[in-house]
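Geometric and topological summary
What follows is the residue order along each chain.
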Amino acid sequence: AQSVTQPDIHITVSEGASLELRCNYSYGATPYLFWYVQSPGQGLQLLLKYFSGDTLVQGIKGFEAEFKRSQSSFNLRKPSVHWSDAAEYFCAVGDNTNAGKSTFGDGTTLTVKP
Amino acid sequence: ETGVTQSPTHLIKTRGQQVTLRCSSQSGHNTVSWYQQALGQGPQFIFQYYREEENGRGNFPPRFSGLQFPNYSSELNVNALELDDSALYLCASSSGANVLTFGAGSRLTVL
């Protein structure tokens, strides 16, 4: 069975500082991997996705993520955080034939200090 | 293009009642997936509908059921509500199978 672990429940960074959110997954084959962001009371917005190819993927809002098969990781990074990035972030692994059947981690809440 | 819309946005029910949540998929999307997001947790896959047929189900009991209509909109029905059914219910649509567009969700409170 597929699973996703986000080890950090809550992260606080200063505005302008760099950010890395960790994600580890378990999946038998080549996974579809996703990062989503959720603002309070809202649905999920896709930040970026990895299906195959280049292991460093670029997303919206200046985010990027790197797929490392040997470590079963897909960490999200941003070089300089803005106050508007404060939100909850979810990593997900999708069935390799159907992303609609994704398994999500429990999320990391990002707080940005001024 | 319109996104995914869900209704109602909030509702309160009592234990044992039944609830129907609705979802209009994004234009051009023929697949709808439903997720339950309990407080402080990530979304959990309930089921998916494709061409009006259930196309996969997560670990949810049969009292969770759904429908998809010819216009690809969908309903989620939950019978015999329990307190633990209190959650944000998210609908996501997709075209093909690869990228999901989520609605803002329906917040269900069961008292």
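Above this text is the structure in question.
Before going into details, it helps to say that this report is about the structure given with it. (Residues numbered from 1 in each chain as written. Chains lettered and ligands numbered in written order. Predicted model: local features only at pLDDT ≥ 70, side-chain atom pairs only at ≥ 80, totals over all residues. Heavy atoms only, no water.)

1. Remarks on the pattern of salt bridges
Taken as a whole and assessed by the stated rule, the structure comprises eight salt bridges over all chains. Of the charged contacts in the structure, one is a salt bridge between Asp85(A) and Lys78(A), with a shortest N-O distance of 2.8 Å. Owing to a relative accessible area of 4%, Asp85(A) belongs among the buried residues under this scheme. Notably, a salt bridge pairs Glu82(B) with Arg63(B), separated by 3.3 Å at the nearest N-O pair. Here Arg63(B) lies in the loop between strand 6 (53–57) and strand 7 (64–68) and Glu82(B) lies in the loop between strand 8 (74–78) and strand 9 (87–94), a separation of 19 residues in the sequence. The buried category is assigned to Arg63(B), whose relative accessible area is 17%. (Salt bridge = Lys/Arg side-chain N within 4 Å of Asp/Glu carboxyl O. Buried < 20%, exposed > 50% of the residue type's maximum accessible area, 1.4 Å probe, protein only. Helix = DSSP H or I, 4+ residues; strand = E, 2+ residues; numbered from the N terminus.)

2. So, the packing of aromatic side chains
Counting across every chain of the model gives 15 aromatic pairs over all chains. A centroid spacing of 5.5 Å and a plane angle of 85° characterise the contact between Phe104(A) and Tyr35(B), whose relative ring orientation is edge-to-face. With one member in each of two chains, Phe104(A) in strand 11 (residues 98–104) and Tyr35(B) in strand 4 (residues 31–37) form a pair that bridges those chains. As far as burial versus exposure is concerned, Phe104(A) and Tyr35(B) are alike and both buried. Of the aromatic side chains, those joined through ring pairs into one cluster are Tyr32(A), Phe34(A), Tyr36(A), Phe51(A), Phe104(A), Tyr35(B), Phe45(B) and Phe102(B). (Phe/Tyr/Trp six-rings, centres within 6.5 Å; stacked < 30°, edge-to-face > 60°.)

3. A few points about the interface of chain B and chain A
Every contact between the two is made by 20 residues of chain B and, on the other side, 21 residues of chain A. Taken together, the two surfaces of chain B and chain A that pack against each other cover about 1500 Å², and 54% of this comes from carbon and sulfur. The tally of links from chain B across to chain A stands at zero salt bridges. Where chain B packs against chain A, one counts six residue pairs in polar contact (both at pLDDT 80 or more). Where the side of chain B that touches chain A is concerned, the elements lending two or more residues are strand 4, strand 5 (44–50), strand 6 and strand 9 of chain B. Looking at which element gives the most residues to the side of chain B that touches chain A, the answer is strand 4 of chain B, with three residues. Class assignment of the residues belonging to the side of chain B that touches chain A gives a composition of 10 nonpolar, 10 polar and no charged. (Contact = heavy atoms within 4.5 Å. Buried area = accessible area lost by both parts, 1.4 Å probe. Polar contact = N/O pair within 3.5 Å; in protein donor to acceptor, adjacent residues only side chain to side chain. Nonpolar A, V, L, I, M, F, W, Y, C, P; charged D, E, K, R; others polar.)

4. Re the nonpolar core
The biggest cluster of nonpolar side chains holds 26 residues, and the ones touching the most others in it are Leu19(A), Trp35(A), Leu47(A), Leu48(A), Phe74(A), Leu76(A) and Tyr89(A). Elements that contribute at least two residues to this core include exactly strand 2 (10–14), strand 3 (19–21), strand 5 (32–38), strand 6 (44–50), strand 8 (64–68), strand 9 (73–78), strand 10 (87–95) and strand 12 (108–113) of chain A. Setting aside residues up to four positions removed in sequence, Phe74(A) forms contacts with Cys23(A), Leu33(A), Phe34(A), Trp35(A), Leu48(A), Tyr50(A), Val57(A), Ala65(A), Glu66(A) and Phe67(A). Core analysis: the next-biggest nonpolar cluster, separate from the first, contains 20 residues, Val4(B), Leu11(B), Phe47(B) and Ala87(B) among them. (Core = buried A, V, L, I, M, F, W, Y, C linked by side-chain atoms within 4.5 Å.)

5. A closer look at the sheet that holds strand 7 of chain B
All names here are of chain B. Taken together, four strands build an open sheet; the order of strands is 1-3-8-7 and the sheet is antiparallel. One side of each edge strand has no neighbouring strand; the edge strands of this open sheet are strand 1 (5–7) and strand 7. Averaged over all pairs of adjacent strands, the angle between their axes in this sheet comes to 15°, without regard to strand direction. Pairing analysis gives five bridges linking strand 3 (residues 19–24) to strand 8, with the strands arranged antiparallel. Following the sheet pairing, valine 19 is matched in strand 8 by valine 78. (Pairing = 2+ DSSP bridges. Axes fitted to C-alpha atoms, helices over the stretch in contact; angles between N-to-C directions.)

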